[in-house]
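Below, each chain spelled out in residue letters.
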Amino acid sequence: MRPGQGCHRAPAAHTAARRPEDGNATLDMPKVLIVEDETILLDLLAKHLESEGYSVITATSGDEGLEVARREQPDICVLDVMLPGLDGLSLCRILRRESDMAIILLTARAGEIDRVIGLDNGADDYVVKPFSLPELTARIRAALRRTPKRMESQLHAGDVHLDMVSRRVYLGDKEIKLSHKEFELLATLMRNKGAVLSREFLITQVWGYDFEGDVRTVDVHVRWLREKIEKDPSRPEHLQTVRGVGYRID
Ligand code: CA
């Protein structure tokens with residue numbers, strides 16, 4: 001399988017639940033971080049997205065972008081690839097490792113190579129310069145629809161229930177004990193319920209980009225997980241293998 005192919009996120013219905021702390025309407029404004037060193041373009045994008053109802057924060061270098069992203073925890077990052085200092089693709093990899101925020105790359109170059117490189121580095125989408133403002137806004141809306149809410153603390157799949165706060169997992173009423181990696185793997189699958197996730201995507205999400213082991217590590221952990229959450233691990237009801245693509249939880 002080609003890298004970057006299998007990262008399909010959950011459909012919109014999955015994200016409909018409100019974050020628990022959303023008591024007040026202003027918190028529902030998605031927060032967008034724009035990282036772009038061309039200040040004229042940066043100002044134009046910021047004004048446009050504010051007029052569209054987004055809460056906008058900005059940075060003009062990769063290093064500043066990383067600092068602002070860590071501090072402000074935006075819902076989505078619009079990230080120029082060519083940046084001084086820490087470049088856009090490197091920043092993209094770091095952000096993807098640290099968070100579930102949606103990431104849209106701004107690139108000056110079109111073509112398959114860039115698409116694969118961008119998506120392989122964890123971006124959700126990319127827009128080729130020059131682009132129109134409505135096009136970017138449409139991509140942002142689509143990426144936000146696909147991105148699960150970071151703060152979603154209760155995840156369900158059939159009779160499997162996962163509490164992200166206490167890090168407890170239940171099968172029906174019964175608590176089951178998972179190792180750290182099993183928990184992270186299950187949480188990643190459940191945050192993307194219904195979507196097929198590639199082994200490569202699961203490796204980067206659970207083990208990190210610098211993991212040097214084999215992608216079959218995923219298969220081993222899936223087997224262990226099935227022994228804990230499936231009635232009959234040889235005929236899984238929850239954790240499905242999608243041959244040639246990866247895994248999906250229903
Ligand atoms: Ca640039």
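K.L.:
Give me the lowdown on the sheet that holds strand E2 (residues 55-59), citing residues and values where you can.
P.N.:
Strand order in the open sheet formed by five strands is E2-E1-E3-E4-E5, and the pairing between neighbours is parallel. Sheet topology places E2 and strand E5 (125-128) at the edges, where each strand pairs with a single neighbour. Each strand axis lies, on average, 20° off the axis of its neighbour in the sheet, ignoring direction. For strand E1 (residues 31-35) and E2, the ladder comprises five bridges, and the chain directions are parallel. Across the sheet, Ile34 pairs through a bridge with Thr58, a residue of E2.

K.L.:
An account of the sheet that holds strand E10 (residues 197-198) is needed here, citing residue identities and associated values.
P.N.:
One open sheet holds the three strands; their spatial order is E10-E12-E11, and the pairing between them is antiparallel. The open sheet has two edge strands, E10 and strand E11 (239-242), and neither has a second partner. Direction of pairing for E10 relative to strand E12 (residues 246-249): antiparallel, over a ladder of two bridges. When the sheet's bridge partners are listed, Leu197 is paired in E12 with Tyr247. Contacts from helix H6 (residues 180-191) reach E10, E11 and E12, with the element oriented near 70° to E12.

K.L.:
Account for the nonpolar core, with residues named and values stated.
P.N.:
Ranked by internal contacts, the top residues of the largest apolar core, which has 33 residues, are Cys77, Leu79, Ile103 and Ile104. At the level of elements, E1, helix H1 (39-51), E2, strand E3 (76-80), helix H3 (88-98), strand E4 (102-107), helix H4 (112-120) and helix H5 (133-146) are the ones that each hand at least two residues to this core. Element by element, the count of residues in this core is highest for E4, at five residues. Apart from residues lying up to four places away in sequence, Cys77 is in contact with Leu33, Val35, Ala69, Leu95, Met101 and Ile103. Judged by nonpolar contacts, the second largest core, of 21 residues, contains Val160, Leu189, Tyr247 and Ile249.

K.L.:
How would you sum up helix H2 (residues 62-72)? Please name residues and give values.
P.N.:
The complete set of buried residues in H2 reads Gly62, Gly65 and Ala69. Angular distribution of buried residues about the axis of H2 spans 50°; they occupy a single face of the element. Of the exposed residues in H2, those oriented more than 90 degrees away from the buried face are Glu67, Arg70 and Arg71. Of the residues flanking the end of H2, it is Gln73, one or two places downstream, whose phi is positive at about 50°.

K.L.:
Requested: an account of the environment of Thr241, with residues and values cited.
P.N.:
Mapping Thr241 onto the fold places it in strand E11. Using a count of 14 C-beta atoms within 10 Å as the deciding quantity, one classes Thr241 as partly exposed. Residues Thr241 and Leu197, spaced 44 residues apart in sequence, show a C-alpha to C-alpha distance of 9.8 Å.

K.L.:
Let's hear about unusual backbone geometry: which residues, and what values?
P.N.:
In this structure, the amide linkage connecting Lys129 to the following residue, Pro130, adopts the cis form with an omega of -5°. The topology assignment puts Pro130 in the loop between E5 and H5. Although it is not a glycine, Gln73 sits at a positive phi angle of roughly 50°. Mapping Gln73 onto the fold places it in the loop between H2 and E3. Non-glycine residue Arg167 carries a positive phi angle of around 55°. If you trace the backbone, Arg167 turns up in the loop between strand E7 (160-163) and strand E8 (168-171).

Thresholds applied
Residues numbered from 1 in each chain as written. Predicted model: local features only at pLDDT ≥ 70, side-chain atom pairs only at ≥ 80, totals over all residues. Pairing = 2+ DSSP bridges. Helix = DSSP H or I, 4+ residues; strand = E, 2+ residues; numbered from the N terminus. Axes fitted to C-alpha atoms, helices over the stretch in contact; angles between N-to-C directions. Contact = placed C-beta atoms within 7 Å. Core = buried A, V, L, I, M, F, W, Y, C linked by C-beta atoms within 7 Å. Buried ≥ 20, exposed ≤ 12 C-beta atoms within 10 Å, placed from the backbone. Arc of directions from axis to C-beta.

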